[in-house]
Structures are given as C-alpha cells and as structure tokens.
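One letter stands for each residue in the lines below.
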Amino acid sequence: MWHGLWPLTFSGQGDYFRSPPFWDGRPSGALAGEPAFGERTVEVPQHIGDQRRGAMQPLFGDDFFDRIHVEPRVLNLGNVSSVQRRAVRVWNAFRSRALTLTDATLLGGEGIVLTAPGVPPLPFAPLSERTWQVAVGTDGPPVIGATLAFRFDGFPALPVVITGQRIVAFAFMPDWSRGVLERLAWRTDVLTSPLQVEQRRGLRSTPRRSFEATLIVDGRERVLLDLAVFGWGGRTWALPVWPDGQWLGAEHALGVRVLACNPVHRDFRPGGLVLLRGATAFDTEVAEIESIGADRIVLRHPTTRAWARGARLYPVRTARLAEAPKVTRLTDQAASVAVRFEVVEPCDWPALSDAPVYRGHPVLADRPDESESRSTGWQRALLSLDNEFGAPFVLDPADWAAVTQSHRWRMHGRAERARVRSWLYALRGRQRAVWRPTHADDLVLVATVAGTATAADVANVGLARFGGLRPGRRDLRIELRDGRAFHRRITGAVSLDEAVDRIAFNAALGAEVRPRDVKRISFMALSRADSDESEIEHHTDSDGAADAAIVLRAVRDPDQDDGPAPA
C-alpha cells in the first residue's frame, strides 16, 4: 500500500501526511495488526481522501492521433505547361474509431481530372489511409483556382486548395539566318541641374526583357502555330530562350530526374522551367528545375517520356506576345512569321565580379569592336536668349561638355556573352556610372618615368591649354604591353615647349615605365548609358557570335567642387 500512496504525497500544497514517515524499529500498526491470511482491512486517514483538481498534460500522441490528416492542404502547381500529377493522401488517425467519407467534391476544377480510390460513401478503418490522384492539364482557364473538399460524418469539410497558372510551350524554332534580337529595358528618373550635376534613380529592380525572331513553319507545324496563336494568343507561353539551347549528349530514359548537360552561362535557374524538344513542335515536354550542378540539371519531377541523344534542351521564361505575329505566306504549306515576346517574370543576372575599380566605379576595360565606325560627340547645356532683333545671347552655365561615345561588343561563346550581359546589368540603363576609357592613343610618353616619380613628359597635344583639368579629361588609363594597367588622375599640366607637356599624377606608378613599354595612354570619363534600352543581337546560339552596342555619355565627376557626387 505504501508504494502506491507514495506518489500522491507531493501535491504542491504540502504533504498529505502530518510529518515525513520514518521507522523507529517497532512494527507499524497497519502491517503488524494485519491477519496472516483472509480479508484485510486498512483504515485510510480522512485527509488522504480529499479531492484535488489538476490538468491533463498533452503529449505527442494527443496532437497526432485521434483526428483526420489531409496531406497536402495546398497544391501550388506554379506554371503548368504539361500534365501535372499530384497525390493527395487522407488518413484516419483515430486509433479506435472507424469513419465514413460521405463526399469528395472538386469545385472550379475545369481541366482537372480527379482519380478516387472508390465511390463515396467510403469506410475508413482506424489508422487507415487512402490516396486521391489529381491530374492538371493545360486545357482550361489560364488561372487555376480549385478546391477539393473532403467531408466525413460529424466533421467539418477539409479543403485542399489547388492553385497555378496554365502556360503552353512555344516550341517553334527561329530562322537563324536572320538571328534573334534580345532587348533589355530599364527605367531611370534623371534630374539634372544647370551645372549638369545629375541625380539618377532607378525605377525598375530588373529590366523588361523581350525577344524578336522570325520563324519559318510548314506542314503541320504551320497549322499548329496558327491554331495555337488563335486559341492561346492572349495567354502566357513557356518561351524557350533560343540562344541558350543545347543538344543532349546522351539518351535519357523515361522517368529520370537528372539531365546531363552544360548549364554554365545559360539562363537556367532553380525553380525555373526547361523545355525538351524533339524533331518537331509536337514532340515537346516542359519540366521544372529543382537544382543545378556543374554538369547536370535535377528536375523536381520525373520526365514523362524518354529523350534520345540529340534532343534539344532550352531554359524557359514565361512570356506573352507583345503584338500579333506578322505572317507572310510563302506557299500553301509554308509561312514566315515574325514574333515579338515580352517576358512576364523578373530576369536577374550575376553581377560583374572581375572589373577593375577606380575611385569607387568599375572601369570598362573591354576593348570595343572597331570593325564598324564608332561615333563620338560633345553635348553642352547651352542657354540661349534671342529677341530676333540683335545677336542672340548664349550662355554655357556648366562650362563643360558631356562627351558621348559608342561602345560595341563582338562576342564569341557563352563566357563573353555572360560578361557583356553583366556589364549591361551593372549599368542598369542610365542609372549607374562607369569609367569609360577612349581606348585611343590620346597621349604619347616621350621620356622614361621612374617608379617613384609623380610626373611624366608627354607629347604636346594642347592639354595644358585646353584641358583645364576638367572632368572627362583629367583621368588616364595607362596600358602596358605586358598586360598591366594604371589608372591615375592628372593634378597639373604645363607646357615645356611646343613639343612636350609635363603632367603631374596624384600618385606614383610604382614601377619604371619606358616609352616602348606603353601600349596606349587613354583619357577616361565617368559615364553612364545614354539610353535605358540595350539590345543584344544573337547571330547564332550561345556557342557562336553575338553583337551588342550602347552609347555612353559623360557625367560630372564625384570629386568636382561645383556640385554633389553623382549616384
């Protein structure tokens, strides 16, 4: 009896016994007075029989069992470009109670096929589970918003919310003889003072991205394109990023989740989509990316068919037709179609990481492509007052010219394309500034410069007379033939004679430089893009050639004394 009563002695309000029990060597009255056999009688003190109140403490079993579990409660399918299949599991977690499912209702389920394990009413034994299969296709409303409700006797409805967006793969290939034009469009608010000091504010975190291409379609593909644009023209498409396509180098069986490929410097991203395409536009599959490795892509769900070696693999962006395609009929079976798509999702790109930095801004050290003529100009903010009688009064309040110069890239291969794209993202349209060398032989060194010297003699070009140490003509890039480059600011210039000018630097070069060591000495100007739009002309896919060109406009230097530093 004692071992049974001992746990009750701790009540939080004092012990039930008057004093702690102890043994004094004598037999207790409760035990010594009991008969050796037969019925026993124990008298319990009155205070032990007092009623006490408490609370049950919940354990894991109370939270997990004796209820109904539905998993998952939300099916977010994302972009549905092919049939997506998901499983919904219903578990009767009651340990001793059987339940009956009276109904499983799908509301707003146009284009959704529900496969049930039986017809209601369905009995659920204790701790039993049943699975429903949900298949969502591309036919139906563009926005998926359905609810699957399970109802049991005596319980409220248990809903499963199904969401997503239907898109259709645009599996037609461009005519590469005309190339693909990609356009990136930022938006910048620029406020300019009369002294040409700018305050620039970017209004878009990522650029608007669009693609233009011409397609040649014939036979069944021509009719497929006609019907697809007719029935789906105003909805969202799964647009392959054509320049980033590649061939599968190995066969992939049905139901695989790993695609062996080369994703480096291509527009693949976790959570995005990929397009697998066979010989025709009818032979396609769109899958979702779970992760990206150095030589593979892991899909979130297995493929629904086998893909042979040589099938095409593209990263995908969701896009809409910016305007109705322009169709030119070639024959009764063939047509030329000009399309322009606008991407509807944000498009990020890795930042520029290896550019030299001078005075807090990157230096555009990439040599421009000069296979075509480059334009250069000067822009002045002149104020003119003309009463149309006498000579007009013209004032230059800034006393400074913003030099404009075009810069053109000719790219070969994915690495060069990725670098140029990083430059465009670094500029962010007109928002950010970079140091732009003229990449011309502006100054010619005529005498050796010691490593500790802060002055150099150059050929007289009128720098001391006209330069005036003004922004845009007081910073230099000194390139050596061994690949080294120095960036210095001119702090002073004097004309020694008609042939030689002496210029002073803000810091020593740190190495002896002889005239024959110099490849070129160019002026540098802090510049921004003159437009918020940039274009990349893809002549082939990303393993081939592409062109990009921008016009850069000089801005006031942050170290000037007549205004705040630009953004």
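This text follows the structure it describes.
Below is a short write-up of the structure. Since we're looking at a predicted model, the values are computed, not measured. (Residues numbered from 1 in each chain as written. Predicted model: local features only at pLDDT ≥ 70, side-chain atom pairs only at ≥ 80, totals over all residues. Heavy atoms only, no water.)

## Describing the pairing of strand β8 (residues 143-152)
Each regular strand carries side chains that alternate between the two faces of the sheet. Rules: Strand pairing follows a simple DSSP-based rule, namely that at least 2 bridges must link the two strands. Note on conventions: DSSP H or I runs of at least 4 residues are helices, E runs of at least 2 residues are strands, and numbering of each starts at the N terminus.
One ladder, built from 6 bridges, connects strand β4 (residues 99-107) with β8; its direction is antiparallel. Counted as the bridge partner of L106 is L148 from β8. Judged from the 8 bridges that link them, β8 and strand β9 (residues 158-166) form a sheet pairing that is antiparallel. Bridge pairing in β9 links V143 to Q165. Between the end of β8 and the start of β9, which pair antiparallel, lie 5 residues, with G154 showing a positive phi angle near 85°.

## Looking at the environment of T331
Looking at the secondary structure, you find T331 in the loop between β22 (326-329) and β23 (334-343). Spatially, the C-alpha atom of T331 lies 8.8 Å from that of D218, the residues being 113 residues apart in sequence.

## Observations regarding the pattern of salt bridges
Which entries qualify depends on this criterion: Definition used for salt bridges: Asp or Glu carboxyl oxygen within 4 Å of a side-chain nitrogen of Lys or Arg. When a residue's accessible area, from a 1.4 Å probe over protein chains only, is under 20% of the maximum for its type it is buried; when over 50% it is exposed; and in between it is partly exposed.
Following the criterion strictly, the structure yields 41 salt bridges and no others. Across the pair D366 and R419 runs a salt bridge whose closest N-O atoms are separated by 3.0 Å. A residue pair is termed long-range when its members are at least 10 positions apart, and D366 in the loop between β25 (361-362) and β26 (376-379) and R419 in helix α5 (residues 413-427) qualify at 53 residues. Note on R419: relative accessible area 25%, which makes it partly exposed. Note that D547 is salt-bridged to R408, the shortest N-O span being 3.2 Å. Taken together, the residues D547 in strand β37 (residues 545-554) and R408 in strand β29 (residues 402-412) connect sequence positions 139 residues apart. You can call R408 buried: its relative accessible area is 17%.

## Concerning the pairing of strand β14 (residues 208-218)
Bridging between strand β11 (residues 180-185) and β14 involves 5 bridges; their strand directions are antiparallel. Bridge assignment links R183 to a residue of β14, and that residue is S210. Bridge analysis of β14 against β23 gives 9 bridges, and the strand direction is antiparallel. Directly across from V217, in β23, lies its bridge partner A335.

## Some thoughts on the nonpolar core
Keep this limit in mind: We define the nonpolar core as a collection of buried residues of types Ala, Val, Leu, Ile, Met, Phe, Trp, Tyr and Cys that are connected through side-chain atoms lying within 4.5 Å of one another. Whether two residues are in contact is decided by their heavy atoms: any pair within 4.5 Å suffices.
By size, the foremost hydrophobic cluster in this structure holds 52 residues, and its most contacted members are F170, W242, F341 and W409. Here the element with the most residues in this core is α5; it accounts for 6 residues. Not counting chain neighbours up to four residues away, the residues in contact with F341 comprise F170, R209, S210, F211, W237, L239, A319, R320, L321 and A322. Listed in part, the 25 residues of the second largest apolar core include L101, A104, F152 and V160.

## A few points about α5
As a reminder, the rule being used: Each helix should span, by expectation, one fewer than its residue count multiplied by 1.5 Å.
With 15 residues, α5 extends 22 Å from end C-alpha to end C-alpha; this agrees with the ideal 21 Å at 1.5 Å per step. With 12 of 15 residues buried, α5 is to be regarded as a mostly interior element. Among the residues of α5, G413, R414, R417, A418, V420, R421, S422, W423, L424, Y425, A426 and L427 are the ones counted as buried. A positive backbone phi angle near 50° is found at R428, which sits one or two residues after α5.

## Overview of unusual backbone geometry
A cis amide bond, omega -5°, links E71 with the succeeding residue P72. Among the structural elements, P72 can be located in the loop between β1 (68-71) and β2 (74-80). Omega for the bond connecting P120 with P121 falls within 30 degrees of zero, at 0°, which places this linkage in the cis form. Mapping P121 onto the fold places it in the loop between β5 (112-115) and β6 (122-124).

## With respect to the side chain of D547
Going by this rule: Within 3.5 Å is the distance limit for a polar contact, defined as a pair of N or O atoms, with the added protein rule that one can donate a hydrogen and the other accept it, and that residues adjacent in sequence qualify only through two side-chain atoms.
The exposure class assigned to D547 is buried, which follows from its relative accessible area of 4%. At 3.2 Å, the side chain of D547 and the side chain of R408 are in polar contact. At 2.8 Å, the side chain of D547 and the side chain of H539 are in polar contact. Contacts of D547, omitting those with residues within four sequence positions, involve R408, W409, R410, M411, E535, I536, E537 and H539.

## What to know about the packing of aromatic side chains
Heads up, the condition is: Ring pairs shown here join Phe, Tyr and Trp side chains whose ring centres sit within 6.5 Å, with only the six-membered ring taken for Trp; geometry is labelled stacked below 30 degrees between planes, edge-to-face above 60, and tilted in between. We call a charge positioned above a ring when the Lys NZ or Arg CZ atom is no farther than 6 Å from the ring centre and deviates by at most 35 degrees from the ring normal.
A full pass over the atoms with the stated rule returns 12 aromatic pairs. A centroid spacing of 5.3 Å and a plane angle of 85° characterise the contact between W186 and Y425, whose relative ring orientation is edge-to-face. In this pair, W186 is assigned in the loop between β11 and β12 (188-192) and Y425 in helix α5, connecting sequence segments 239 residues apart. Put simply, the rings of F170, F172, W237, W242 and F341 pair up and form one aromatic cluster. The ring of W232 carries R235 above its face, with NZ or CZ at 4.5 Å from the centroid.

## Here's the deal with the sheet that holds β4
Basically, it comes down to this: To get an axis, fit a line to the C-alpha atoms, keeping to the stretch in contact for a helix; angles then go from 0 to 180 degrees between the N-to-C directions.
The sheet built from 5 strands is open, its strands ordered β2-β9-β8-β4-β6 with mixed pairing. Bordering the open sheet on either side are β2 and β6, each of which pairs with just one other strand. When strand polarity is set aside, the average angle formed by the axes of neighbouring strands in this sheet is 25°. Relative to β6, β4 is paired through 3 bridges, and the arrangement is antiparallel.

## What about the environment of R201?
Following the sequence through the fold, R201 ends up in strand β13 (residues 198-202). When the C-alpha positions of R201 and L191 are compared, they lie 8.6 Å apart, and in sequence the two are 10 residues distant.

## Observations regarding the side chain of R488
What counts is decided by this rule: When charges are counted, Lys and Arg contribute as positive and Asp and Glu as negative, whereas His and the chain ends are disregarded.
For R488, the location among the structural elements is in strand β33 (residues 485-495). Of the side chains with opposite charge, D475 lies nearest to the buried R488, which makes no salt bridge, at 9.8 Å. At a separation of 3.2 Å, a polar atom in the side chain of R488 contacts the main-chain carbonyl oxygen of A507. Within the structure, the side chain of R488 is placed 2.9 Å from the backbone oxygen of A508, a separation counted as a polar contact. Once residues within four sequence positions are removed from consideration, R488 is found in contact with Y358, R474, D475, L476, F505, N506, A507, A508 and L509.

## With respect to a nonpolar patch on the surface
Let me state the cut-off plainly: Patch construction takes residues with relative accessible area above 30% that form no salt bridge. Like charges are linked within 9 Å, and nonpolar side chains (Val, Leu, Ile, Met, Phe, Trp, Tyr) are linked within 5 Å. For every accessible area listed, the method is Shrake-Rupley and the probe measures 1.4 Å; residues are considered covered only by the protein chains on display.
Taken together, L383, L385, F393 and L395 make up a surface patch of nonpolar side chains, about 420 Å² in accessible area. The set of elements that each furnish at least two residues to the nonpolar patch consists of β27 (383-385) and β28 (393-395). Along the chain, the position of L385 falls in strand β27. With relative accessibility at 61%, the residue L385 sits in the exposed group.

## Topic: helix α4 (residues 220-232)
Owing to its 3.6 residues per turn, the α-helix brings residues three or four apart onto one side. Taking 1.5 Å of rise per residue, the 13 residues of α4 would be expected to cover 18 Å, and the 18 Å separating its terminal C-alpha atoms lies within 8% of that figure. Next to the buried residues of α4 lie β9, β10 (168-169), β14, β15 (237-240), β18 (273-277) and β23.

Everything listed here is a matter of coordinates, which is why it stays silent on function.
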